[in-house]
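A look at the structure
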Amino acid sequence: MNASVRYSILGAVRAVRGETELEIGPPKRLALLSLLLLRAPEPVTLNEAVDVLWDRTAPSSAVNVVHRHIGGLRRTLEPGLPSRTQAEHLVRTAGGYRLLVDTSTSDLLRFRGLRAQAQQAVRAGEPARAARYFLEAVRLWRDPVVAAGTPVARHPLFTSVGHEFVATAKEAADVVLTAAPRATEEVLTALCRAVDHHPLDEALHSRIIAALAATGRQGEALRQYEIIRRTLAEDLGAEPGPDLRAARERLLRLMPSDGATGPALVPASSRVPTVPLFRSDGVARPAQLPGDCVPFTGRGQAVEQCMELLPTPAQSRSYGTTTVLCGMPGVGKTTLAVHWAHRIADRFPGGQIHLDLQGHHPTNPPLTSRQAMREILDALDVTGTSASDTALTSLYRTTLANRRLLVLLDDARDCEQVRPLLPATSGTLAIVTSRRRLEGLTVTDNAHVITVHPMTPAEGLEFLDRRLGIRRTRAEPNATREIVDLCAGLPLALAVTAARADANPTFPLTALAAHLRADTETLDTFAGWDSHTDPRRRFDHTYRCLSPGAAHLFRLLSLHPAAEITVPSALSLTGGNDPRIAQQHIVELTDHHLLTEQAPGHYTCHPLLRTYAGELNRAHDDPVTRNHREPPAVPSVSGSP
């Protein structure tokens, strides 16, 4: 960018160039900038801008007003800009407008990146490093309110982000009190700021009590407990929950028997609770989610779909919630699932569990349902998992029924593998990813199925912008667009290509595009040594699951001259004469997301899958008789080109 602008949204909204704070303009323009910062790196649509900026009925001129404020922001951020097409800060996208920021220019993105690093350090067993990241993250918040002082600060979009500070303050306390006790005062300050805006949050109060006790202020900690106890009784007619009661019990154990509360009477070794806060009531609360993708790119519509499936506090459900994210190999199902799980993790105080079901693992067999149950029960520190299948299932259901958990079941093989693992009662959310459609779960378990599609061209361009930097992609826009087209919107192919471009920063993107263009008949340009990032090997694992007839039809798809295939054209390809069998094979390929039904009875194959089918066809089918013969057994792909 021609002049870096740093943005703040955690607290008051500010934009600073160098040492000079920019004058943004009227309240609506400041609110629009806040919304752009909140949504970055994703775009803000015009409809969303109108809905947020006008809390009541919007005037007929609302869209024009948004356009005028966009123009005003551009003039402020990039004075002297000759044309909006050359903008390097605020750009137009197919989905609306996008502010080009990253972790170095946006305090919100910086905060989220630090929190993700801290959570990753916790999972890696490095609590001291996690404490540093957590503390650095909470320091970025000048106020627990996002965009304080703007007309949109109380909008649900902004208040929901404010909850991220609360969740991070809790996570920081859990780590700091045990791994970095010298920073207890700092984390206590963050907890107190959070509780000012969430006075009935018992988890915050329990951590404040623990922090006060850790610094020797047992009397003050006991008064804190009495304050929240009275508040709960007067405002809600409720007694303190298990977390608060456990915090009080630990506090009383730390206090001398004569009632003295001065810090000198508390042994130094006792000032840090010996029981981690995530087990404050003796119940394990795992935090197993893999690290979030930072920055997460695109998928705004899919994330919105996911969020809409969550029950609201006003809804009463007697059954668990299950969402299935399905799609072709390499389309980004797990990335989306993990990102969504991180966004909503604080809604599940019982913990977050991640389990790889290994449905399409390159070497390991899929987990059995029994093995998966044992893994989950072990994560919850529940014993007795060596019982019979019936007893194990009963123990599993009983355990989940008493907790509010988020369970991410990654790479499910089929419905039978995952069905016994799904929650049967309210409170727990299961997120399932699979290359299969798993429609049976909608019938038996009230599951919601969301198909994850390849990225749109606009999302693909945004992906490369984020991975390679705006300077590089804008310097060669035609080559960038061609790379997106040649990768056909598949995130895995885009990621592999971006990694190679990033490893060779002096190579022009035109050379990379030419390399991809030179060999569109094979997947060699995307091949690598890592089976997890090689599209061909990822496709192999799905192909091996097909019946012989479906595999035969798939290999012949590359010979079909049209982009669409129907039952009659499938019969023509295979030389068959039974439409029912052809339909069964097409349905099977669609179930594995090797075909997509674009319209009733009309199916298409993703360009890279079609290329893969051509490789298999040339390697395994007789060039003379391949169109008209009985399907052979599914050939091994271990030696495929």
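Residues numbered from 1 in each chain as written. Predicted model: local features only at pLDDT ≥ 70, side-chain atom pairs only at ≥ 80, totals over all residues. Heavy atoms only, no water.

**Considerations on the overall build of the protein**
Note the threshold: Counting from the N terminus, the helices are the DSSP runs of H or I reaching at least four residues and the strands are the DSSP runs of E reaching at least two. We call a residue buried when its accessible area falls under 20% of the maximum for its residue type, exposed when it is over 50%, and partly exposed in between, using a 1.4 Å probe and counting protein chains only. Here a residue-residue contact requires only that any non-hydrogen atoms of the pair lie within 4.5 Å. Here, Shrake-Rupley sampling with a 1.4 Å probe gives the accessible areas, and only protein chains in the shown set may cover a residue.
Of the regular secondary structure elements, the protein holds 26 helices and 15 strands. Counting the 641 residues in the protein, one finds 50% classified as buried. Considering only intrachain contacts with a sequence separation of at least 6, the fraction spanning at least 24 residues in the protein is 68%. Here the protein displays about 28700 Å² of accessible surface, and carbon together with sulfur accounts for 51% of that area.

**Considerations on the pattern of salt bridges**
Stated formally: The rule for a salt bridge is simple: a side-chain nitrogen of Lys or Arg has to be within 4 Å of a carboxyl oxygen of Asp or Glu.
Taken as a whole and assessed by the stated rule, the structure comprises 23 salt bridges. Of the charged contacts in the structure, one is a salt bridge between Arg 537 and Asp 534, with a shortest N-O distance of 3.6 Å. Several salt bridges converge on common partners, so that one network encompasses Glu 416, Arg 419 and Asp 445.

**A closer look at helix α17 (residues 457–468)**
Note on helix geometry: an α-helix contains 3.6 residues per turn, so any two residues three or four positions apart are oriented the same way. The criterion, for reference: One less than the residue count of a helix, multiplied by 1.5 Å, gives the span that helix is expected to have.
Between the first and last C-alpha of α17 there are 16 Å, a value that for 12 residues agrees with the 16 Å anticipated at 1.5 Å per step. When α17 is considered as a whole, its buried residues turn out to be Glu 459, Gly 460, Glu 462, Phe 463, Leu 464, Asp 465, Arg 466 and Leu 468. Immediately downstream of α17, the backbone of Gly 469 shows phi near 95°, a positive value.

**Quick look at the packing of helix α24 (residues 567–574) against helix α25 (residues 579–591)**
Operational definition: Simply put, an axis is a line fit to the C-alpha atoms, just over the touching stretch for a helix, and the angle between two N-to-C directions goes from 0 to 180 degrees. In these notes the angle categories are as follows: under 35 degrees is roughly parallel, over 145 is roughly antiparallel, 65 to 115 is roughly perpendicular, and the rest is oblique. Residues are grouped as follows: Ala, Val, Leu, Ile, Met, Phe, Trp, Tyr, Cys and Pro are nonpolar; Asp, Glu, Lys and Arg are charged; every other residue, Gly included, is polar.
Between α24 and α25, whose axes approach to 9 Å, the crossing angle comes to 100°. Between α24 and α25, the angle falls in the class roughly perpendicular. Seen from α24, the contacting residues are Val 567, Ala 570 and Leu 571; seen from α25, they are Pro 579, Ala 582, Gln 583 and Ile 586. Along the lines of polarity and charge, the residues of the contact of α24 with α25 split into six nonpolar, one polar and no charged.

**As for the sheet that holds strand β1 (residues 5–8)**
Filter applied, for reference: For two strands to pair, DSSP has to find at least two bridges joining them.
The three strands lie next to each other as β1-β3-β4, forming an open sheet whose pairing is antiparallel. The two strands at the open ends of the sheet, each matched to only one other strand, are β1 and β4 (20–21). Where strand β3 (residues 14–17) meets β4, two bridges bridge the pair, whose relative direction is antiparallel. Looking at β4, one finds that Arg 17 is bridged to Thr 20.

**Regarding the confidence of the model for the protein**
The test is simple: pLDDT expresses how confident the predictor is about each individual residue, on a scale running from 0 to 100.
Of all residues in the protein, 88% attain a pLDDT of 70 or more, and the chain-wide mean is 84. Contacts for the low-pLDDT stretch residues 257–281, under 50 throughout, to residues beyond four places or in other chains number 47 contacts.

**A closer look at the nonpolar core**
Rules: What is meant by a nonpolar core is a set of buried Ala, Val, Leu, Ile, Met, Phe, Trp, Tyr and Cys residues, joined one to another through side-chain atoms within 4.5 Å.
Ranked by internal contacts, the top residues of the largest apolar core, which has 81 residues, are Tyr 7, Ile 9, Leu 36, Val 66, Leu 99 and Phe 158. Per element, the largest residue contribution to this core is 10 residues, and it comes from helix α6 (residues 156–179). Membership of the second largest hydrophobic core comes to 71 residues, among which are Leu 310, Ile 344, Ile 450 and Met 455.

**Points about the packing of aromatic side chains**
This is how the line gets drawn: Centre distance within 6.5 Å is the pairing criterion for rings of Phe, Tyr and Trp, where only the six-membered ring of Trp is used; planes under 30 degrees apart are then read as stacked, over 60 as edge-to-face, and the remainder as tilted. Charge-over-ring placement is defined geometrically: NZ (Lys) or CZ (Arg) within 6 Å of the ring centre, and within 35 degrees of the ring normal.
Inspection of every chain in the model, using the stated rule, returns six aromatic pairs. Pairing Phe 111 with Trp 141 gives two aromatic rings, centres 5.4 Å apart and planes at 80°, and the pair type is edge-to-face. Placement of the pair is Phe 111 in helix α4 (residues 107–123) and Trp 141 in the loop between α5 (127–139) and β7 (146–148), with a sequence separation of 30 residues. Residue Phe 111 shares its accessibility class with Trp 141, and that shared class is buried. Relative to Phe 165, the ring of Trp 141 has its centre 5.2 Å away and its plane inclined at 40°; by these criteria the two rings are tilted. Pair noted here: Trp 141 is in the loop between α5 and β7 and Phe 165 is in helix α6, with a separation of 24 residues, a long-range link. By relative accessible area, Trp 141 is classed as buried at 1%. In textbook terms, an aromatic cluster arises when at least three aromatic residues are bridged by ring pairs, as seen for Phe 539, Tyr 543, Phe 554 and Tyr 612. Residue placement shows Lys 28 over the ring face of Trp 54; its charged tip is 5.1 Å from the ring centre.

**Observations regarding unusual backbone geometry**
Cis geometry marks the peptide bond from Ala 40 to Pro 41, where omega comes out at 5°. Summarising the element assignment, Pro 41 is placed in the loop between α1 (27–39) and α2 (46–53). If you check the backbone angles, Asp 411 has positive phi at about 60° while not being a glycine. Relative to the helices and strands, Asp 411 is located in strand β10 (residues 406–412). Unusually for a residue other than glycine, His 593 sits at a positive phi of about 60°.

**Topic: the side chain of Glu 48**
Inspection of the secondary structure assignment puts Glu 48 in helix α2. Using a relative accessible area of 15% as the deciding quantity, one classes Glu 48 as buried. The residues contacting Glu 48, other than those within four sequence positions of it, are Leu 35, Arg 39, Pro 43 and Leu 157.

**Comments concerning the sheet that holds strand β12 (residues 448–451)**
In space, the five strands of this open sheet follow the order β9-β10-β11-β8-β12, with parallel pairing throughout. A strand with exactly one partner marks an edge of an open sheet, and here the two such strands are β9 (352–356) and β12. Between one strand axis and the next, the sheet turns by 15° as a mean value, whatever way the strands run. Of the strand pairs in this sheet, strand β8 (residues 321–326) and strand β11 (residues 429–434) are connected by six bridges, and their pairing is parallel.

**Focus on the layout of surface pockets**
Where empty space is left in the structure can be found by rolling a water-sized probe over the atoms. The line we're drawing: Residues are called lining when one of their atoms sits within 4 Å of a cavity or pocket point, these points coming from a 1 Å grid over the protein atoms alone, where a cavity is a set in which a 1.4 Å probe fits but cannot get out and a pocket is an open set with protein on both sides within 12 Å along at least five of seven lines. Grid points are joined across faces, edges and corners, and a volume is the space filled by probe spheres set on the points.
Counted as a void, the second largest pocket has a volume near 900 Å³. Forming the boundary of the second largest pocket are 35 residues, of which Gly 332, Thr 334, Thr 335, His 532 and Arg 538 lie nearest the centre. At the level of secondary structure, the elements contributing two or more residues to the lining of the second largest pocket comprise α12 (333–344), β10, α17, α20 (491–503) and α22 (535–543). Among the residues forming the lining of the second largest pocket, the class breakdown is 13 nonpolar, 13 polar and nine charged.

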